[in-house]
Amino acid sequence: MKKISTVVPVYNESENVPLIYQALKDVAAAQSSYAWEFVFINDGSRDDSWKELQAIAAADSRVMALDFSRNFGKELALTAGVRHCTGDAAIFLDADLQHPPALIPEFLRKWEQGAEVVASLRKSTEKKSLVKQFGSWVFYRLMNSCAPAQLTPNATDFKLVDRKVINELVRFTEHKRMFRGLIEWLGFRTEYVEFVAPERLHGKATYSLGKLVSLAVNSMASFSLFPLKVVGYLGVTVTLVSTVLLAFMILQNFILHTGLFSSIAFVIVANTLVLGVVLIALGLMALYVGQIHDEVINRPLFVIREKLHGGDGDSVSASSGESE
């Protein structure tokens, strides 16, 4: 019997944990030809999410619950789930029920037909802000114009991956990562399922606009050297513009003797343009150097305070915390 693992990152979702667990149980009951494993990763929640996970782990032997020592972020929570799941395939979905578990049978059908990755495409999201919609459009246009692996617009982290994909994902070691970007980069055979994301039932979205911007910046730096190339193009452009402007100022003042520009104007124009290019270049170089620093110091990607295997009481305590 094939085994399916569901991997669910949890951050301040105490009200939604029982709901997503029940929804997954219902899917497992309907798909009884598979063995099931439910992996939940508590990403440093400040509410009662871990207590809820402890309760369901105590009642169901199929549940595995990991408790991070602090908030490490969704990308690393998914990474922890990948490293601990034991299924022939894994399905990633959010705890807020905006990734409908009802689509899982369709995922499984496409997987059985030979797909190595089954990804979801969000057709629309109820009450999604125009700012996020525009930002998403800009992000995909930029990424796909410069990255070696094309990202599918409107794709989400709600997807199924085969065991061979999981085995490759565990080999990645970078700290700054975009999980779905790594899966796209691997290039396995992919099928798509469209869905409309429902409105969140409880709580507030924890992936703020600031976190989304940070993820976009890190993804650009991780998958492409395009930002550094932009600096080069900008440097060339600014140099050409400044050269033409200075030539015009020299013509006016020293050949035509119109006296339109003072000496300080020459200094200001030249210094401002050069300083702007230098500052932009330094900022982007710092971004890449910062990522090199994160990789070189080789800290653990995440730290697990406690690990529960449902029903059998097997756990890793806080004193022996597990790190990856």
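Peer 1: Just give me the short version of the nonpolar core, but keep the residues and values in it.
Peer 2: Across soluble globular proteins, you tend to see nonpolar side chains buried next to one another. Counting residues in hydrophobic clusters, the biggest one holds 38 residues, and the most contacted among them are Trp36, Phe40, Ile91 and Leu108. Among the elements that take part in this core, helix 1 (residues 17–30) stands out by supplying seven residues, more than any other. When residues no more than four places from it in sequence are discounted, the contact partners of Ile91 are Ile4, Ser5, Thr6, Val7, Ile104, Phe107, Leu108, Phe158, Lys159 and Leu160. Counting residues in hydrophobic clusters, the runner-up holds 27 residues, among them Leu66, Cys85, Val117 and Leu182.

Peer 1: Any details on the packing of aromatic side chains? Residues and values, ideally.
Peer 2: Under the counting rule described, the total for this entry stands at eleven aromatic pairs. The interplanar angle of 40° and the centroid separation of 6.4 Å between the aromatic rings of Tyr34 and Trp111 together place this pair among those described as tilted. Pair noted here: Tyr34 is in the loop between helix 1 and strand 2 (35–42) and Trp111 is in helix 4 (residues 104–112), with a separation of 77 residues, a long-range link. An aromatic cluster is present here, built from Tyr34, Trp36 and Trp111 joined pairwise through their rings. Across the ring face of Trp111, the terminal group of Lys2 is positioned such that the distance to the ring centre comes to 4.9 Å.

Peer 1: Any details on the pairing of strand 4 (residues 89–92)? Residues and values, ideally.
Peer 2: Residues Ala89 and Ile91 line one face of strand 4 and the alternating positions Ala90 and Phe92 line the opposite face, and both faces are buried. By the bridge criterion, four bridges tie strand 4 to strand 6 (residues 155–162) in an arrangement that is antiparallel. What sits directly across from Ala90, in strand 6, is Val161.

Peer 1: Could you give an account of the confidence of the model for the chain, with specific residues and numbers?
Peer 2: When the pLDDT values of the chain are averaged, the result is 82; 74% of them are 70 or greater. Scored below 50 in pLDDT, residues 317–322 shows ten contacts in the model against residues more than four places distant or in partner chains.

Peer 1: Before we move on, can you summarise a nonpolar patch on the surface with the specific residues and values?
Peer 2: On the surface, a cluster of nonpolar side chains totalling about 650 Å² of accessible area is made up of Leu245, Phe248, Ile250, Leu251, Phe254, Ile255 and Leu256. With respect to the element layout, Phe248 can be found in helix 9 (residues 226–255).

Peer 1: Pulling in residues and values, what's your account of the pattern of salt bridges?
Peer 2: One pass over the structure, following the stated rule, counts twelve salt bridges. Asp67 serves as the salt-bridge partner of Arg305, at 3.4 Å between the closest nitrogen and oxygen. One end of the pair, Arg305, is in strand 8 (residues 303–309); the other, Asp67, is in strand 3 (residues 63–68), with 238 residues separating them in the sequence. Overall, the relative accessible area of 33% leaves Arg305 in the partly exposed class. Assessed through its relative accessible area of 5%, Asp67 is described here as buried. Put simply, Asp162 and Lys164 hold a salt bridge, and the shortest N to O gap is 3.3 Å. With a relative accessible area of 12%, Asp162 lands in the buried category. One salt-bridge network, held together by shared partners, links Lys74, Asp94, Asp157 and Arg180.

Peer 1: Lay out unusual backbone geometry with the relevant residues and their values.
Peer 2: Both trends apply: most residues other than glycine have a negative phi, and most peptide bonds are in trans. Despite not being glycine, Asn12 shows a phi value in the positive range, around 55°. The topology assignment puts Asn12 in the loop between strand 1 (3–10) and helix 1. Its identity is not glycine, yet Leu97 carries a phi of approximately 70°, on the positive side. Assignment of secondary structure puts Leu97 in the loop between strand 4 and helix 4. Residue class for Leu97 comes out buried when judged on its relative accessible area of 16%.

Reading the values: rules and limits
Residues numbered from 1 in each chain as written. Predicted model: local features only at pLDDT ≥ 70, side-chain atom pairs only at ≥ 80, totals over all residues. Heavy atoms only, no water. Core = buried A, V, L, I, M, F, W, Y, C linked by side-chain atoms within 4.5 Å. Buried < 20%, exposed > 50% of the residue type's maximum accessible area, 1.4 Å probe, protein only. Helix = DSSP H or I, 4+ residues; strand = E, 2+ residues; numbered from the N terminus. Contact = heavy atoms within 4.5 Å. Phe/Tyr/Trp six-rings, centres within 6.5 Å; stacked < 30°, edge-to-face > 60°. Lys NZ or Arg CZ within 6 Å of the ring centre and 35° of its normal. Pairing = 2+ DSSP bridges. pLDDT = per-residue confidence, 0-100. Patch = residues over 30% accessible without salt bridge, like charges linked within 9 Å, V, L, I, M, F, W, Y side chains within 5 Å. Areas by Shrake-Rupley, 256 points an atom, 1.4 Å probe, with all protein chains shown as cover. Salt bridge = Lys/Arg side-chain N within 4 Å of Asp/Glu carboxyl O.

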